[in-house]
Amino acid sequence: MRRSRGTVSTNSTHSNSAKVLLVDDSPTVRNIVKIYLMNLRVEALEADDAARALKILQLVPVNLVIADINMPGMDGITFVKEVRASRNAQLRSVPILLLTAEKNVDLRQRGTEAGANAFIQKPVSHHELTETVRQFLSKA
């Protein structure tokens, strides 16, 4: 495991594995998601806030982003808007899955309009997370 200024890389033995960026202010949620992703043989990168995630995305090409919709500072919907507004075409097209405990239709509609590709219900279930991630990574 490698740590540097809020990022963690796991499963890095697979140099050509898909890279998934986890963005959540909760280390517990990030750890649960990482555990669920282990069998998918992806490299998991972490950010504890959206601003840090945007910096990582400028430096490292990723195949998928999983971000919490409710974070202090920049929320998940604003984060999605920032990614979609990027000048980098590859970055603009990266699939973004939003984690949310809310079942609010209006919130999900705002997320979709911002450019989110799908939503994963919190508490995160192993099956829902892995199947959704598999689906989006198979399209990449």
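As the structure is a prediction and not an experimental result, all values here were calculated from the model.

**Structural notes on the overall build of the protein chain**
Move 1: Counting its secondary structure elements, the protein chain contains six helices and seven strands.
Move 2: In the protein chain, the succession of α and β elements from N to C terminus is β-β-β-α-β-α-β-α-α-β-α-β-α.
Move 3: Out of the 140 residues in the protein chain, the part that is buried amounts to 49%.
Move 4: A sequence separation of at least 24 residues applies to 61% of the contacts in the protein chain between residues at least 6 apart.
Move 5: Only carbon and sulfur atoms are counted for the fraction: they give 49% of the accessible area of the protein chain, which is about 7,600 Å².

**Here's the deal with the sheet that holds strand β7 (residues 118–121)**
Move 1: Across the sheet, five strands lie side by side as β4-β3-β5-β6-β7; this open sheet has parallel pairing. Edge positions in the sheet fall to β4 (43–47) and β7, since each of these pairs with one other strand and no more. Within the sheet, the average angular offset between the axes of one strand and its neighbour, ignoring direction, is 25°.
Move 2: Most of the contacts of helix α5 (residues 105–114) go to β7, to which it runs at about 140°, and overall it touches β6 (96–100) and β7.

**Re the packing of aromatic side chains**
Move 1: One pass over the full model with this rule turns up zero aromatic pairs.
Move 2: Above the plane of the ring of F136 lies K139, whose end atom (NZ or CZ) is 4.8 Å from the centre.

**A closer look at the side chain of S86**
Move 1: Checked against the element boundaries, S86 lands in the loop between α3 (76–84) and α4 (89–92).
Move 2: Residue contacts for S86: discarding those within four places in its chain leaves Q58, L91 and R92.

**Things to note about the environment of H127**
Move 1: By the element assignment, H127 lies in helix α6 (residues 126–139).
Move 2: Judged by its relative accessible area of 56%, H127 falls in the exposed class.
Move 3: Sequence-wise, H127 and Y36 are 91 residues apart; in three dimensions their C-alpha atoms are separated by 8.6 Å.

**Quick word on the packing of α3 against α5**
Move 1: Interaxial distance between α3 and α5 falls to 8 Å at its minimum, and their mutual angle equals 15°. In terms of their interaxial angle, α3 and α5 are classed as roughly parallel. Between α3 and α5 the crossing geometry is left-handed. For the pair α3 and α5, the contacting residues are I77, V80, K81 and R84 in the first and L107, R110, G111 and A114 in the second.
Move 2: The class makeup of the residues in the contact of α3 with α5 is four nonpolar, one polar and three charged.

**Overview of the pairing of strand β5 (residues 64–68)**
Move 1: Most of β5 sits inside the fold, with five of its five residues counted as buried.
Move 2: Side-chain alternation along β5 places L64, I66 and D68 on one buried face and V65 and A67 on a second face that is also buried.
Move 3: As paired elements, strand β3 (residues 19–23) and β5 share four bridges and run parallel to each other. Looking across to β5, one finds that V23 is bridged to A67.
Move 4: In this structure, β5 lies alongside β6, joined through four bridges in parallel fashion. Pairing of I66 across the sheet is with L97, part of β6.

Reading guide: rules and limits
- Residues numbered from 1 in each chain as written.
- Predicted model: local features only at pLDDT ≥ 70, side-chain atom pairs only at ≥ 80, totals over all residues.
- Heavy atoms only, no water.
- Helix = DSSP H or I, 4+ residues; strand = E, 2+ residues; numbered from the N terminus.
- Buried < 20%, exposed > 50% of the residue type's maximum accessible area, 1.4 Å probe, protein only.
- Contact = heavy atoms within 4.5 Å.
- Areas by Shrake-Rupley, 256 points an atom, 1.4 Å probe, with all protein chains shown as cover.
- Pairing = 2+ DSSP bridges.
- Axes fitted to C-alpha atoms, helices over the stretch in contact; angles between N-to-C directions.
- Phe/Tyr/Trp six-rings, centres within 6.5 Å; stacked < 30°, edge-to-face > 60°.
- Lys NZ or Arg CZ within 6 Å of the ring centre and 35° of its normal.
- Parallel < 35°, antiparallel > 145°, perpendicular 65-115°, else oblique.
- Left-handed = near helix turned anticlockwise from the far one by under 90°.
- Nonpolar A, V, L, I, M, F, W, Y, C, P; charged D, E, K, R; others polar.

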